[in-house]
Each structure stands twice: as structure tokens, then as C-alpha cells.
Amino acid sequence: MTSSSSPSQDTKRLAHDYPEGLRADALMEEDVAWSHEIDGERDGEQFDRSERAALRRVAGLSTELEDVTEVEYRQLRLERVVLVGVWTTGTVQDADNSLAELAALAETAGALVLDGVIQRRDKPDAATYIGSGKALELRDIVLETGADTVICDGELSPGQLIQLEDVVKVKVIDRTALILDIFAQHAKSREGKAQVSLAQMQYMLPRLRGWGQSLSRQMGGGKGGGLATRGPGETKIETDRRRIREKMAKMRREIADMKTGREIKRQERRRHKVPSVAIAGYTNAGKSSLLNRLTGAGVLVENALFATLDPTVRRAETPSGRLYTLADTVGFVRHLPHHLVEAFRSTMEEVGDSDLILHVVDGSHPVPEEQLAAVREVIRDVGATDVPEIVVINKADAADPLVLQRLLRVEKRSIAVSARTGQGIEELLALIDNDLPRPSVEIEAVVPYTHGKLVARAHTEGEVISEEHTAEGTLLKVRVHEELAADLAPYVPASLA
């Protein structure tokens, strides 16, 4: 429990130099403008960059009209927010890192962070999250800074939201609502938008509130009302809840239909025995940069949390010439809302169905082990614990050498790379080539030149050890799967049969 002594003993208020300190560490990269000359070769064409930058809010601009008799009165500005965290376990550095990550999330969502406070408690207060006395102190901070929103570093119950808003007199949101807002901004594909909508409705349903006539009764049953009405009817808020449930059911059906289309594509890859590799990792760890470096996919790369949301699948080739698919998945974060895990489960199945996971971690982060633990927790949730994993420690050029050594020593199957400079990429490709499942049957056959399709299949579906053109046909020594081995069996020379 919190003591009633001076606030400095149990509440830590971050100073105004906080934005230049911890918040910058949460992003873990230099905040520089993207340059085609500098970054184009590394990150590809960046097809979505101009679209992302086409509409951006600017701090300090006001369109407030002096004469209120004008037709419109408008004001354009960033939301001004104060952050609140409850420190229950771990060290003070852990609490600072968590609030710094919340600040980076708020900036990504388009807010201006004014201040942040951390309170030491055994557990969050059941009524107001930080206790009634600290809620009054928070109200003073809000008045002092001129903030219009308070963001709490945790998931608040509906009661906590209502009671804290009653005290601070401004809008209060929690970490879950903030992440959902970022996802809503960055979702572009039809499936991504549907998944975000479903997660938002799941979050909104228990938090609906009514004002004024929103709680009034509707007419009862019967045609046209009047004498035929019976019973008190349902309130407006009950009607809203029913409509949300109906929309959620419809959204789940639509997502299931989209899942069918993606499953057909997966079955096609399985039929052709094309191995698949999934890139998973913490948000802003450099997954999209790595995908661009390995395949030239041209996926958007930005120094922001959850910059890329929709999964991308690209065809790639190992140094030995074997084809495989490389899939970029949605980034993870500590305390990822369970609504998102459920809504994006069909997308995350790409990880569970893969033959190999490239687990990307930010080597320049102060505590990369926390990133590894958070991602592995989600991997367990989607049932992908049996898939082989290579830990890719990215941003090796900016990381502390001691941290790199520690990670490489602890993680037995790991490699340090830099998607920015290309360091370690060749070694990573060799690791992928070695760890991908290999065809089980080795066969030698003389394929007639009239059956060139079989030779092509041997190259795309198998591993060609040697190839020689003879008078009778193409002499192949290959390692293939059982189905293709059966098709090649009639052309095995009698001396080898």
C-alpha cells in the first residue's frame, strides 16, 4: 500500500527533460528523415512512405478563428497527454522503461507528451487505479500542464476509467485503447481493418456509457406502439450493446472467410513443398528492414512503433538455390492486449505454420531479454512453440558489444546482424539454408528432354545436387520429396535401380 507521507516518497514524477531521454530510448534509433540516397538501397522503394506522410498533424498550428460569428470555428492541434504508471514489481529502471515505451506509443498515435508520473504501489487501486489522494495530485498536474488526456500504463476496468475521469475532469484512456488507436491508423488491408474493428468492439462493449436520454426506455413490443405495447422495452445502451454484438458476429464471419483464402494459398505452397520462414519480433526491432534487406520487398520502414501492421509474404532463395517464402508478421509489445491476440490470431497463424521462425530482437535496447520474453509469450499463445527458432539480434552496429556477447552466449541459436549496414546477412542466409527442412529422398534419374517439366519441378521443389546433359536426356542427382521421387522413378537407370 502507498504511505501517506510526502509525495516524493512514493510517487516519482519525471522531469521535463524526459522527452529527450527515456522516450528517445524507447524508439532506439536516430530520429532522422528517410533519405532515398542513404536508405533506398537498404529498404527498397518504400511504396507506402508518401501515403503515410500525406496527412500528418503538426504541433503548434491553430486555425482558431477570432470572429466567432464566422461560419466555422475549428482548432487543429495535437492531443496533449500526461502519462501515469503504477510500479508494482521490478526495479525503478523497469518502471521507467515501461513508461518510456508508453510515451513512444503516445507519440506514434499522434499525441504530445507533457509529463509522466510513476507511483509505487503493491497493486493498482481498485477504484481509481492510483488511489484517491494521488488522483487529486494528478488533477493538479493536468491543470498545471494544460493537458486534455491522461494515459494509464495498464488496462483499466470500466469502473476505474469512470471514477478517474470524474476526479481529473479530462479524458482518460489506458494502454490497450492507445494500442488499438495505433492499429486503427496503420491498418490498410481489408483483413487488417476487419481485425482491428473486431478488437475495438471487444474492448468497447463492456465500457459503453450512457448520457442523458441514452438511458431512456424504448417503446415495448407490438406493431407501431400504442395499445399493443407490452413491457418496459430496452434502454438505448442495451440497444447499442446488441448492435455491437451483431457487428462482432458479422466481423468474425468475414475474418473466417478471409482466413479460408489465406489457407488455400498455404495449401498451394505445401503442395509444392515450398518451405516457409516467418519473421517475428518486438515492434520497432527492424523486422521490415530485415525483410527488405533479404528480399527487396519495399515494405514501409519507419522509426515508430507498429509502423507496419499488415503481414507481407515474399519469395526468397537460399545461397544453394532453394526457394522458400519469407513472411513479415505484426510486431509484438509488452502487455499486448488479449483482444488483439484473439483478433489477429488468424494472421499470427503464419508463425505457427512456418518451418522456421526468425525471432528479431533489438540489440540496442537497454533490456533486450524483456523483448524476447514478451514475444515468446505470444508465440506460446498461438501454439508455435515447436517451430525451430533463430534469434536474430538486429542493430548490431548500434548495440553495446557487451550486450551482444551476453545475448549470443545465452541464446545458443543466435546471430548478430545489422539490416542497416548488411553486417551478418550472408551468415544469416547460410543459417536459414542449413535449418530449413530438406527433402527426404535422394534419387538419380535420366529425364528425357521431352519431360522438361520434371526437371523444372526438381529445381523448384527439391535440391539439385548435380545436373548433366547427356544424349539420352538430363542426368539429375537430386534430393526430393516422396511424391516427386515417385514421378522420377521410371527414369532411374537400370544400373541404379
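Residues numbered from 1 in each chain as written. Predicted model: local features only at pLDDT ≥ 70, side-chain atom pairs only at ≥ 80, totals over all residues. Heavy atoms only, no water.

- As annotated in an unreviewed UniProt entry, the chain carries the name GTPase HflX and comes from Streptomyces cellostaticus.
- If you open the UniProt record of the chain and go to Sequence similarities (unreviewed entry), you find "Belongs to the TRAFAC class OBG-HflX-like GTPase superfamily. HflX GTPase family."
- Within the UniProt record for the chain, the comment given under Function (unreviewed entry) is "GTPase that associates with the 50S ribosomal subunit and may have a role during protein synthesis or ribosome biogenesis." (UniProt positions renumbered as here; feature names shortened; annotations may be inferred.)

**A few points about the layout of surface pockets**
- Here the second largest pocket is characterised by a volume of approximately 600 Å³.
- Every residue lining the second largest pocket is counted, 29 residues in all, and those nearest its centre are Lys171, Ile173, Ala177, Leu178 and Tyr203.
- For the lining of the second largest pocket, the secondary-structure elements that each account for two or more residues are β2 (79-87), β4 (149-152), α7 (158-168), β5 (171-174), α8 (175-186) and α9 (190-204).
- Of all the elements, α8 adds the most residues to the lining of the second largest pocket, at 5 residues.
- Counted by class, the lining of the second largest pocket contains 17 nonpolar, 4 polar and 8 charged residues. (1 Å grid on protein atoms, 1.4 Å probe; cavity = no way out; pocket = protein on both sides within 12 Å on 5 of 7 lines; lining within 4 Å. Points joined across faces, edges and corners; volume = space filled by probe spheres on them. Helix = DSSP H or I, 4+ residues; strand = E, 2+ residues; numbered from the N terminus. Nonpolar A, V, L, I, M, F, W, Y, C, P; charged D, E, K, R; others polar.)

**Details of the pattern of salt bridges**
- Taken as a whole and assessed by the stated rule, the structure comprises 14 salt bridges.
- Salt-bridge contacts for Lys171 lead to Glu79; the nearest nitrogen and oxygen are separated by 3.1 Å. Note that Lys171 is positioned in strand β5 and Glu79 in strand β2, a separation of 92 residues in sequence.
- The shortest N-O distance in the salt bridge between Glu155 and Arg207 comes to 3.6 Å. Here Glu155 is found in the loop between β4 and α7, whereas its partner Arg207 is found in the loop between α9 and α10 (236-271), with 52 residues between them in sequence.
- Under the relative-accessibility criterion, Glu155 is labelled partly exposed at 37%.
- Owing to a relative accessible area of 16%, Arg207 belongs among the buried residues under this scheme.
- Each of the salt bridges in this network shares a partner with another, and the network as a whole consists of Glu101, Asp153 and Arg175. (Salt bridge = Lys/Arg side-chain N within 4 Å of Asp/Glu carboxyl O. Buried < 20%, exposed > 50% of the residue type's maximum accessible area, 1.4 Å probe, protein only.)

**Thoughts on the pairing of strand β7 (residues 312-317)**
- The sheet contact formed by β7 and strand β8 (residues 323-328) spans 6 bridges and is antiparallel. Its bridge partner lying in β8, Arg315 is registered against Thr325.
- What sits between the antiparallel neighbours β7 and β8 is a turn of 5 residues, in which Gly321 has the positive phi angle 95 degrees. (Pairing = 2+ DSSP bridges.)

**Here's the deal with the confidence of the model for the chain**
- Looking at the chain, the pLDDT average stands at 77 and 74% of residues meet or exceed 70.
- When pLDDT is averaged over each helix and strand of the chain, the minimum, 44, is found for helix α1 (residues 7-10) and the maximum, 93, for strand β11 (residues 414-416).
- A low-confidence stretch, residues 27-33 (pLDDT under 50), is modelled with 18 contacts involving residues beyond four sequence positions or located in other chains. (pLDDT = per-residue confidence, 0-100. Contact = heavy atoms within 4.5 Å.)

**Things to note about the packing of helix α14 (residues 368-381) against helix α15 (residues 401-410)**
- Their axes nearest at 11 Å, the elements α14 and α15 cross at an angle of 40 degrees. As judged from the angle between their axes, α14 and α15 are oblique. Contacts from Pro368, Glu369 and Leu372 of α14 reach α15 at Val403, Arg406 and Leu407.
- Of the residues contributing to the contact of α14 with α15, the split by class is 4 nonpolar, no polar and 2 charged. (Axes fitted to C-alpha atoms, helices over the stretch in contact; angles between N-to-C directions. Parallel < 35°, antiparallel > 145°, perpendicular 65-115°, else oblique.)

**Overview of the nonpolar core**
- The biggest cluster of nonpolar side chains holds 87 residues, and the ones touching the most others in it are Leu138, Leu164, Phe306, Leu336, Leu358, Val392 and Leu428.
- Broken down by element, the residue count for this core peaks at 8 residues, all from helix α5 (residues 92-109).
- When residues of this core are assigned to domains, at least three fall in each of domain 1 (75-186) and domain 2 (274-435).
- Dropping the residues within four chain positions of it, Leu336 is found in contact with Phe306, Val341, Met348 and Val378. (Core = buried A, V, L, I, M, F, W, Y, C linked by side-chain atoms within 4.5 Å. Domains from an automatic or database assignment.)

**A short note on the packing of aromatic side chains**
- Within this structure, the stated rule accounts for 0 aromatic pairs.
- Geometry around Trp87 places Arg120 over its ring, the cationic atom sitting 4.7 Å from the centre. (Phe/Tyr/Trp six-rings, centres within 6.5 Å; stacked < 30°, edge-to-face > 60°. Lys NZ or Arg CZ within 6 Å of the ring centre and 35° of its normal.)

**Let's talk about the sheet that holds strand β12 (residues 441-447)**
- With antiparallel pairing, the 3 strands of this open sheet are ordered in space as β12-β14-β13. Looking at strand neighbours, the two that pair on one side only are β12 and β13 (463-469), the edges of this open sheet. The mean angle between the axes of side-by-side strands here comes to 10 degrees, regardless of whether they run parallel or antiparallel.
- Direction of pairing for β13 relative to strand β14 (residues 474-480): antiparallel, over a ladder of 6 bridges. Bridge pairing in β14 places His469 opposite Thr474.
- Of the strands in this sheet, β12, β13 and β14 are in contact with helix α17 (residues 452-461), which crosses β13 at around 145 degrees.

**Observations concerning the sheet that holds strand β6 (residues 276-281)**
- Taken together, 6 strands build an open sheet; the order of strands is β7-β8-β6-β9-β10-β11 and the sheet is mixed. Each edge of the open sheet is held by one strand with a lone partner, namely β7 and β11. Each neighbouring strand pair of the sheet contributes to a mean axis angle of 25 degrees, computed without reference to strand direction.
- Direction of pairing for strand β9 (residues 356-362) relative to strand β10 (residues 389-394): parallel, over a ladder of 6 bridges. When the sheet's bridge partners are listed, Ile357 is paired in β10 with Glu389.

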